[in-house]
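Structural characterization, general
As a plain string of letters, each chain reads:
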Amino acid sequence: MPRILITGCSSGFGRAIAARFLDEGWEVIATMRTPATDGLPNLDRLRILSLDVTQRLSIEAALAEAGPIDALVNNAGVGMLNVLEGAEIDKARELFDINVLGTMAMTQAVMPAMRQRRNGVIVNISSSVTLRPLPALSIYSASKAAVNAFTESFALEAAEFGVRARLVLPGSAPETSFGKNAVTRMGMDVPDAYGSFVQAYFQSLRNATEKTSALDVANAVWRAVTDVNAPMMLPAGADAEALYREAGRCAA
Ligand SMILES: NC(=O)c1ccc[n+]([C@@H]2O[C@H](COP(=O)([O-])OP(=O)(O)OC[C@H]3O[C@@H](n4cnc5c(N)ncnc54)[C@H](OP(=O)(O)O)[C@@H]3O)[C@@H](O)[C@H]2O)c1
């Protein structure tokens, strides 16, 4: 039975990805900072492990307990909604630590075993914000652009050993707690000078009709993991697919 490890499964996309692979009969190692079974089925094929992607010892302990894995999904991430002038640089550093260095550290940690077995796939969750510049998202977008560049470059090294690396770019998914978690962890003190500009922009986001669901993301990850011919970058959700086409990328 193939085995997948997913980061950030306490909510949102991570939980939906775990459920999708369980439905397909995979053994799933759902990792989260604070282990809890909420929203996940009670199955022997599901193991829940504690993992904070910013902590080396936590990564080592989780991977030792997980045993060999066929697939890794780097899903853990945090957002930041603010103009640059309103953002605290210490918070930006924390965000990069989770979104970028956490993804790199997890990838580096699973690679020796995958390389030796000449088998494995790593899927990194990026974002459709990397397809078109948007205001109040400069720091978050920069972190996901770094994930894109890292993954595309690393994929060339990994391919030498039969290991695949792929990107999934979800669109905007108001159904997850992402926005609320971003505000709680990263703050959102928009400077007065930008107030009306940011309000108007947020209203345009709320009015958008095309959205992404957690299931769209789970389906895109399923394809990235199981289809050896899947493209390097898979948009997930109607809004992400539209942006992907607008950016001049071929239809996925
Ligand atoms: N929702 C969207 O609109 C959207 C769009 C495009 C891309 N994305 C990306 O999709 C991914 C999942 O987002 P989501 O919408 O599912 O948001 P979410 O519900 O807030 O889930 C984020 C997950 O990341 C975990 N996490 C945060 N810091 C962590 C750390 N240091 N170590 C391990 N786990 C950590 C959170 O765990 P805790 O509960 O412990 O904090 C949570 O399980 C993120 O990478 C995000 O950037 C989201």
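Residues numbered from 1 in each chain as written. Predicted model: local features only at pLDDT ≥ 70, side-chain atom pairs only at ≥ 80, totals over all residues.

Below, the discussion takes up the sheet that holds strand 5 (residues 120–125). In space, the seven strands of this open sheet follow the order 3-2-1-4-5-6-7, with parallel pairing throughout. Of all the strands in the sheet, the pair left with one neighbour each is strand 3 (46–50) and strand 7 (233–236). If you compare each strand with its neighbour and ignore which way they point, the axes differ by 20° on average. Looking at chain direction, strand 2 (residues 27–32) and strand 3 are connected through five bridges and run parallel. Among the inter-strand pairings, Thr 31 is bridged to a residue of strand 3, identified as Leu 49. Helix 4 (residues 138–159) contacts strand 5 and strand 6 (163–170) of the sheet and is inclined by roughly 160° relative to strand 6. Sitting on the sheet, helix 8 (residues 238–246) is in contact with strand 6 and strand 7, with an inclination near 135° to strand 7. (Pairing = 2+ DSSP bridges. Helix = DSSP H or I, 4+ residues; strand = E, 2+ residues; numbered from the N terminus. Axes fitted to C-alpha atoms, helices over the stretch in contact; angles between N-to-C directions. Contact = placed C-beta atoms within 7 Å.)

As a further point, take the site of the ligand. With respect to spatial proximity, 30 residues lie near the ligand, and among them Gly 8, Gly 12, Ala 76, Gly 77 and Phe 178 are the closest. Looking at the shell around the ligand, the elements with two or more residues in it are helix 1 (12–23), helix 3 (89–117) and helix 5 (178–186). Ranked by residues supplied to the shell around the ligand, first place goes to helix 1 with three residues. For the shell around the ligand, a count of residues per class yields 11 nonpolar, 17 polar and two charged. (Near = placed C-beta within 6 Å. Nonpolar A, V, L, I, M, F, W, Y, C, P; charged D, E, K, R; others polar.)

Turning to unusual backbone geometry, a few remarks are in order. With a phi angle near 50°, Arg 118 is a residue other than glycine that sits in the positive phi range. Within the secondary structure layout, Arg 118 lies in the loop between helix 3 and strand 5. Arg 118 gets classed as exposed once you count the C-beta atoms within 10 Å, which come to 10. Its identity as a non-glycine residue notwithstanding, Ala 136 has a phi of 65°, on the positive side. As for its position among the elements, Ala 136 is in the loop between strand 5 and helix 4. Classification of Ala 136 as buried rests on a count of 22 C-beta atoms within 10 Å. (Buried ≥ 20, exposed ≤ 12 C-beta atoms within 10 Å, placed from the backbone.)

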